[in-house]
Amino acid sequence: MLAYLYRYNDTKQYFYLSNRGDLVIDRNLQLEPGVYDIVLNNGYIQAQKLDMTRDEFIEQVDFGSWQPLFEIPDGLRNHMLKFAKKLLKYKLENRFVLIRSHNDADGFGAAVGLNRIFPWSMKLIYPTPTYQLKDAISDISLLMNKNNPVMILSDLGGNSESQQALNLFKVHGIDYVVIDHHPFHNPDPERYLISWEYDSSGKYTATYLTNEIARILGYEHDEFIYIGLVGDKSPLIQHTEELRLKSMIVDFLTSYTNDFNFIYQVMTNPNLYQEYMNSAKEKYGEIGDLIRESYYMIIKGVKIYFIDAEKIIRRIEFQSTGKIASYILDMVGDNSVILVYNNNRYTIRIGEGAFAKGIDTHKIMNSVKEFIVGGGHLRAASFKFHGANRRMIESRIIETIRQVLNNENSG
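Fair warning: this is a prediction, and the values are worked out from it, not measured in the lab.

Conventions adopted
Residues numbered from 1 in each chain as written. Predicted model: local features only at pLDDT ≥ 70, side-chain atom pairs only at ≥ 80, totals over all residues. Heavy atoms only, no water. Pairing = 2+ DSSP bridges. Helix = DSSP H or I, 4+ residues; strand = E, 2+ residues; numbered from the N terminus. Phe/Tyr/Trp six-rings, centres within 6.5 Å; stacked < 30°, edge-to-face > 60°. Buried < 20%, exposed > 50% of the residue type's maximum accessible area, 1.4 Å probe, protein only. Axes fitted to C-alpha atoms, helices over the stretch in contact; angles between N-to-C directions. Salt bridge = Lys/Arg side-chain N within 4 Å of Asp/Glu carboxyl O.

1. Considerations on the pairing of strand β4 (residues 34–41)
- With 4 bridges connecting them, strand β1 (residues 2–8) and β4 associate as antiparallel partners. In the strand pairing of β4, L5 is matched with G34.
- The pairing of β4 with strand β5 (residues 44–49) spans 6 bridges and is classified as antiparallel. Counted as the bridge partner of I38 is A47 from β5.

This is the structure in structure tokens:
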């Protein structure tokens with residue numbers, strides 16, 4: 001079978017087999033990196049080096065046997081196949097890979113998918129969906145001293161606010177790619193894989209993209225792809241209580257640490273998982289107690305919550321309004337619209353029932369567009385504004401939702 005020897009150390013040799021993933025064997029042969037025809041026989045390997053370049057090997061890799069887990073648009077499918085070959089090239093070039101993923105269940109699940117392709121990579125959880133200039137400078141100073149480095153951003157960086165930071169990588173000649181599902185008009189399809197271009201609902205999340213690309217390359221997926229999908233409220237799968245709980249615990253852990261390996265260990269060790277599950281339930285329970293005291297209105301069967309997160313954050317140390325909003329939506333049901341306020345910013349989550357009735361974040365934000373700055377996909381978004389406009393913005397949002405529901409009923 002055809003294989004590429006891309007990495008070795010004192011004890012192991014690492015081959016990539018076309019469409020079959022990695023083969024790691026004891027280093028019983030003195031081989032140089034390159035393309036081989038290999039035969040496995042009772043634990044032993046026979047390898048004959050072939051006169052084929054790395055690029056020729058990558059070109060002949062055929063992904064014809066891959067079938068996606070869910071139905072996807074043809075344009076997205078083709079873009080993912082191109083990105084699979086790009087990431088395979090990074091792997092076979094044995095590059096130093098730095099992965100930054102957003103600090104929620106979707107971002108963490110995306111990092112899991114990338115870890116299947118680059119298990120030796122450096123992985124850090126990142127606190128915002130916008131890649132900041134100060135972090136870019138820090139990352140560049142690290143990467144400049146590494147072997148042929150590449151930066152991969154997942155579930156973040158796919159927005160115009162990240163462009164200034166990413167432009168610095170071009171200045172320094174450091175490669176980077178972005179895998180995201182948030183609204184962004186793609187400036188460079190070679191660097192950006194943005195599923196929003198092909199489906200504006202946001203359901204093809206970063207977790208889905210990276211884990212599906214890993215599947216294209218021959219690596220098996222596990223439940224983290226489903227945890228990430230549930231964490232970002234994707235309708236691609238059924239949201240079971242078990243998956244909701246696991247996504248909640250990942251959200252909890254990523255609020256307190258950026259260490260990917262620690263979080264993965266907790267989530268895959270039953271004893272550790274139980275301990276942190278208890279801690280997460282206690283923290284989220286405090287949010288629940290406050291929400292039960294909160295006011296909401298009902299318009300044609302849809303519940304609309306305006307939640308003041310500053311009250312929550314004063315009571316507990318949990319800081320992320322996005323995670324608070326997602327948890328509240330799970331609590332109160334899918335026929336709801338959740339708006340969480342903190343520091344002159346609203347974070348929105350749209351339940352599947354409300355979304356089916358025509359309510360989405362773009363309609364809400366368009367109704368107040370002259371007063372806000374923000375973005376997101378159709379079910380989840382956030383925007384900031386001048387504090388003096390808060391009550392007026394809330395009134396417009398209520399009226400917009402009312403109009404959408406009236407139109408839906410009249411239709």
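2. A short note on the packing of aromatic side chains
- Under the definition given, this model contains 27 aromatic pairs.
- An angle of 90° between the planes, with centres 6.4 Å apart, marks the rings of Y16 and F57 as edge-to-face. Separated by 41 residues along the polypeptide, Y16 in strand β2 (residues 12–17) and F57 in helix α1 (residues 54–60) bring together distant segments of the chain.
- With a centroid separation of 5.9 Å and an interplanar angle of 20°, the aromatic rings of Y346 and F385 are classed as stacked. One end of the pair, Y346, is in strand β14 (residues 345–350); the other, F385, is in strand β16 (residues 380–385), and 39 residues separate them in sequence. Residue Y346 shares its accessibility class with F385, and that shared class is buried.
- Through pairs of rings, three or more aromatic residues link up here, namely Y126, Y131, F169, Y176, F184 and Y192.

3. Here's the deal with unusual backbone geometry
- One non-glycine residue, N148, lies in the positive phi region at around 45°.
- Mapped onto the secondary structure, N148 falls in the loop between α4 (133–143) and β8 (150–154).
- The phi torsion at N344 lies on the positive side, around 60°, for a residue other than glycine.
- Looking at N344, the relative accessible area reads 27%, which means it is partly exposed.

4. Quick notes on the sheet that holds strand β9 (residues 175–180)
- The sheet built from 5 strands is open, its strands ordered β7-β6-β8-β9-β10 with parallel pairing. A single partner strand is all that each edge strand has here, and the edge strands are β7 (122–126) and β10 (192–194). Each strand of the sheet is rotated relative to its neighbour by a mean of 15°, with strand direction disregarded.
- Across 5 bridges, strand β6 (residues 97–102) lies against β7 in parallel orientation. For I99, the partnering residue across the bridge sits in β7 and is K123.

5. A word on the pattern of salt bridges
- If you walk through the whole model with that rule in mind, you get 23 salt bridges.
- For D139, the salt bridge is made with R100, and the minimal N-O distance between the two is 2.7 Å. Highlighted residues: D139 in helix α4 and R100 in strand β6, separated in sequence by 39 residues.
- Judged by its relative accessible area of 3%, D139 is buried.
- For D330, the salt bridge identified is with R244, shortest N-O distance 3.9 Å. One end of the pair, D330, is in helix α12 (residues 321–332); the other, R244, is in helix α8 (residues 241–254), and 86 residues separate them in sequence.
- Several salt bridges share partner residues, and in doing so they unite D55, K89, E93, R95, D175, D188 and R191 into one network.

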